[in-house]
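Letter by letter, the chains look like this.
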Amino acid sequence: MQHLLAGAKWEPDDIRDELQEYVAHKLGEDDGVLIIDDTGFIKKGTASAGVQRQYSGTAGRTENCQIGVFAAYATARGRALVDRELYIPKSWTEDRERCRAAKVPDDWEFATKGDLARHMVLRALGSPLPITWVTADSAYGQESRFRRLLEQSGVGYVLAVPKSQFTVGCPRIEGLFAQAPDEAWEKISCGNGAKGPRVYHGATVRLPAVAEFDHQGEVLHRMRWALARRSIRKPDEIAYCLAYAPLETTAQELVRIAGTRWAIEEGFQAAKNECGLDQYEVRRYPGWYRHITLAMLAHAFLAATAHQDRERGAGRVRQPGPSSSQWRRFGDSWQLVGPGSRTCTDVEAGTTR
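Residues numbered from 1 in each chain as written. Predicted model: local features only at pLDDT ≥ 70, side-chain atom pairs only at ≥ 80, totals over all residues. Heavy atoms only, no water.

K.L.:
I would appreciate a short explanation of the overall build of the protein chain in the present structure.
P.N.:
What the protein chain contains, in helices and strands, is 13 helices and 14 strands. Put simply, the protein chain has 353 residues, and 45% of those count as buried. Looking at the protein chain alone, contacts between residues at least 24 apart form 62% of all its contacts between residues at least 6 apart. Per element, the accessible surface of the protein chain, about 19200 Å² overall, is 50% carbon and sulfur. (Helix = DSSP H or I, 4+ residues; strand = E, 2+ residues; numbered from the N terminus. Buried < 20%, exposed > 50% of the residue type's maximum accessible area, 1.4 Å probe, protein only. Contact = heavy atoms within 4.5 Å. Areas by Shrake-Rupley, 256 points an atom, 1.4 Å probe, with all protein chains shown as cover.)

This is the structure:
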């Protein structure tokens, strides 16, 4: 295994490209959603590429860890991780000797997590994956460069943003929804979670168009939305999203896309529990990419196999086989039939059971 991850000659990016083609073939649908998020890998010491004390959303606190930025693909058929980048902090890129010891490429320059996310989005849009939507949490949604990239690429998005986010018509998005009438809040479901349906009070409002991005000539072809999701039990807890969508998109569709974001969390959990995504014993940069890519490939295979099994189960018609019971229906009652005995119906039909 160590030779495969550290010594053998192969390119993990080639496997990633084949993985995306495989997922497109097995799970792809026209309304596919690309999901961006990061996850932490807690590590000891200082030698593992990119490791330092930094906040890990996985742990919910600052830990000595590596951070990987990932892209997942989700449709009604299933979901799979399809791309990955290792975040290399400035404490590393400013120490070239340390980078060389961990086999970080000499030409690698510091890139924010948002930069890595944009690179993965562009790769995914150029891949065979059919993508209509992109969604991500507020760490990425608040970046105007990330949103502009999606708008210029002609892909819709539903992106979480902080309450302080500027939006068209209001300096802060929380102020926009503070003005919403009571009847604008409706009970909605963002899909099923680990504990059942995720039900909230939600409100959506259509925003004014931005001529530079939303029109083709004089014709409006995209529209903008703001969404808010308020906890039923704790009404002070409100999450916000900005959306960019084709004209025919409904508010219900935007809510569905927003709920799809949880698919990447489920993907992380499944890939870690079932495919060893976080159970690697490598320190160098190439070994990380090799292990992570192979774990992603294994996870995609399991997702595709599960979909195939569901399809087979849905298409299978169960035919009743011969009963091993000695009970037989006789008129409006039941009759006990011993081995080799014949019921009245059997005699009439000329058969023996």
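Here the narrative resumes.
K.L.:
Even after reading the chapter, I still don't get a negative patch on the surface, so can you show me in this structure?
P.N.:
Taken together, the side chains of Glu11, Asp14, Glu18 and Glu21 make up a negatively charged region of the molecular surface. Position of Glu11 relative to the elements: it lies in the loop between α1 (2–7) and α2 (12–27). (Patch = residues over 30% accessible without salt bridge, like charges linked within 9 Å, V, L, I, M, F, W, Y side chains within 5 Å. Salt bridge = Lys/Arg side-chain N within 4 Å of Asp/Glu carboxyl O. Lys, Arg positive; Asp, Glu negative; His and termini not counted. Charge placed at Lys NZ, Arg CZ, Asp CG, Glu CD.)

K.L.:
What is the right way to look at helix α10 (residues 251–260) in this model?
P.N.:
Residues spaced three or four apart along an α-helix point in a common direction, a consequence of the helix completing one turn every 3.6 residues. Buried residues dominate α10, accounting for 7 of its 10 residues. The set of residues buried in α10 consists of Ala251, Leu254, Val255, Ile257, Ala258, Gly259 and Thr260.

K.L.:
Teacher, can you tell me more about the packing of helix α5 (residues 113–125) against helix α7 (residues 144–153) here?
P.N.:
For any two helices packed against each other, one specifies the inter-axial angle together with the distance between the axes. α7 packs onto α5 with a crossing angle of 15° between their chain directions and a minimal axis gap of 10 Å. Put simply, α5 runs roughly parallel to α7. Between α5 and α7 the crossing geometry is right-handed. In this structure, α5 uses Asp115, Ala117, Arg118, Val121, Leu122 and Leu125 to contact α7, whose residues at the interface are Arg145, Phe146, Leu149, Leu150 and Ser153. Split into classes, the residues belonging to the contact of α5 with α7 amount to 7 nonpolar, 1 polar and 3 charged. (Axes fitted to C-alpha atoms, helices over the stretch in contact; angles between N-to-C directions. Parallel < 35°, antiparallel > 145°, perpendicular 65-115°, else oblique. Left-handed = near helix turned anticlockwise from the far one by under 90°. Nonpolar A, V, L, I, M, F, W, Y, C, P; charged D, E, K, R; others polar.)

K.L.:
Quick question: what am I supposed to make of α2 here?
P.N.:
The end-to-end C-alpha distance of α2 is 21 Å, a good match for the 22 Å that 16 residues give at a rise of 1.5 Å each. For α2, every residue scored as buried is listed here: Pro12, Arg16, Leu19, Gln20, Val23, Ala24 and Leu27. Angularly, the buried residues of α2 cover 135° about the axis, an arc narrow enough to put them on a single face. Residues of α2 that are exposed and point more than 90 degrees away from the buried face comprise Glu18 and His25. (Expected span 1.5 Å × (residues − 1). Arc of directions from axis to C-beta.)

K.L.:
What's the story with the side chain of Thr75 in this structure? I'm lost.
P.N.:
Tracing the chain through its elements places Thr75 in strand β3 (residues 61–75). Classification of Thr75 by relative accessible area gives buried; the value is 11%. Polar contacts involving the side chain of Thr75 include one to the main-chain carbonyl oxygen of Leu27, which spans 2.7 Å. (Polar contact = N/O pair within 3.5 Å; in protein donor to acceptor, adjacent residues only side chain to side chain.)

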